[in-house]
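Structural overview for review
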Amino acid sequence: MKPKHLLVFICAAVSLLSATTYVNQKLYAEEETNTISALVESDGSTITTADGQKWYRVKSFDDNKSYVISVKKTDGTEVLFTGGGEENEYIWHYYRRTMVPSTYSKFSYLSTTSHNLSCIDGKISFSYRESVVSDLFWSTDGNVLTYTENGDAYYLKYDETAESPFSMTADRNEAAEVSVYTNGDTLERCIKTEPCSENYVTEGSGYAAPEFSVTLSDDGIITDNITWNVDGSNYDTDTLTFRADELAGKEAGVHRVCCFIEGHDEDGIIYREKSSDALFVIAKGVIPDSFISFSDVHEEYILIGNAIETTMNRTGGYIPGLIVCTGDLVNGPTPDSDYMLEKYYPLIKPQLGGIDTVFVSGNHDPGKAASEMSVKADLGAAKDLSASGGLIFDGRSDAVKANGTSSLADGNIKVFR
């Protein structure tokens, strides 16, 4: 028998400790003698190090990944940037601090197994700073390694005749020409638009096979391989749009579709990225006046899809009328509204499976972005909804009647923020 007026409430929470402002590690002396390490093999796009590891050239750092950084000599050959006098200390780990109060300073660091790369008073240092009191970042800016602290930029310099060949300079014209390499399942990212199912479908309705698409971040990317994955099965298509015929006529449930892309460009950059999973939801129906609420997922958006699937398993294939995301969708510091809408919302949407959704901000989310995401749903949120609050969903509104899908069953629910 079809369940009626059942209130489904699942809260997916992730509790994480905030990072401290202090970096409590042993301090090393500034400007220790640094060395270089010769490459075994290089073709401009890949290198092979002495231990046989193959690394692929990329153009930017990604959080919690390891990198090898090479510097071009005057004769055109490459040598590895090696820290702290240890020739085998050429693998750098990049870390970007997240999940901290928005009032804390922001930083990234590059470290080997025993040294941390720092720039203190414009000089290179292989030491841990006693504390971080201002924003500071390492980045790849073109073909140079850049350190920025409160708007002041310094660049890695290389002098092959010096006893300690690496130093820092404030003059970009003196910067060394570097290349950055990484390995693993993800290399340089290349997906601009994630695959997404815009709506759920009803079991037995004769719905058409769903289509999924991705777009690339750069027109200069030449794709070498495009593989779509449906519920664990791979399909090599070499196309950015994929029709999942095998998902037509299925019983009620949650299905996951993603895309894996490998490619390169004319500059020798190697791209490899797996898209977010896109939920395709087949439902027996909608539970009247019901909702799922999420809080504190902190960028673990797969938790949303998992909870939708759990709900459907418990209700025998029925979905809630509404999803309410109640804050802390991202890690801190709080991003600005445009960045939230550009980077994070496209990763959240595929996990919603086309079920109607509204958003409320937490202390890690910009209120303006939460309001704009709710307006995007077009289910009744006022177009001039302020960042500070207001009605974002009214189940009896004309907008729900005109645009709602699952939320048409939620006539007795109102959501404020």
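The structure displayed is predicted, hence computed values, not measured ones.

**Some details on the packing of aromatic side chains**
What the rule picks out here adds up to 15 aromatic pairs. Here F61 and Y67 contribute two aromatic rings whose centre-to-centre distance is 5.0 Å and whose plane-to-plane angle is 75°, an arrangement assigned as edge-to-face. For the ring pair F107 and Y109, a centre distance of 6.3 Å and an interplane angle of 15° mean the geometry is stacked. One aromatic cluster in this structure is built from F81, W92, F126, Y158 and F166.

**Looking at the confidence of the model for the protein**
Across the protein, the average pLDDT comes to 83, with 82% of residues at or above 70. Note on residues 1–31: pLDDT is under 50 here. Beyond four places in sequence and across chains, it has 81 contacts.

**Topic: helix α2 (residues 337–348)**
Residues of α2 that are buried include every one of S337, M340, L341, Y344, Y345 and I348, and no others. On an axial view of α2, the arc spanned by its buried residues comes to 130°, and they lie on one face. Residues of α2 that are exposed and angled more than 90 degrees away from the buried face: D338 and E342.

**Here we look at the environment of T82**
Here T82 lies in the loop between β6 (78–81) and β7 (91–96). Given a relative accessible area of 0%, T82 falls into the buried group. Separated by 13 residues in sequence, T82 and I69 place their C-alpha atoms 8.3 Å apart. Side-chain polar atoms of T82 contact the backbone oxygen of L80, separated by 3.2 Å.

**Let's talk about the sheet that holds strand β27 (residues 318–325)**
Across the sheet, which stays open at both edges, the three strands sit in the order β26-β27-β28 with parallel pairing between neighbours. Edge positions in the sheet fall to β26 (285–294) and β28 (357–359), since each has one partner strand and no second. Put simply, the sheet's adjacent strands are angled 25° from each other on average, direction ignored.

Parameters and conventions
- Residues numbered from 1 in each chain as written.
- Predicted model: local features only at pLDDT ≥ 70, side-chain atom pairs only at ≥ 80, totals over all residues.
- Heavy atoms only, no water.
- Phe/Tyr/Trp six-rings, centres within 6.5 Å; stacked < 30°, edge-to-face > 60°.
- pLDDT = per-residue confidence, 0-100.
- Contact = heavy atoms within 4.5 Å.
- Buried < 20%, exposed > 50% of the residue type's maximum accessible area, 1.4 Å probe, protein only.
- Helix = DSSP H or I, 4+ residues; strand = E, 2+ residues; numbered from the N terminus.
- Arc of directions from axis to C-beta.
- Polar contact = N/O pair within 3.5 Å; in protein donor to acceptor, adjacent residues only side chain to side chain.
- Pairing = 2+ DSSP bridges.
- Axes fitted to C-alpha atoms, helices over the stretch in contact; angles between N-to-C directions.

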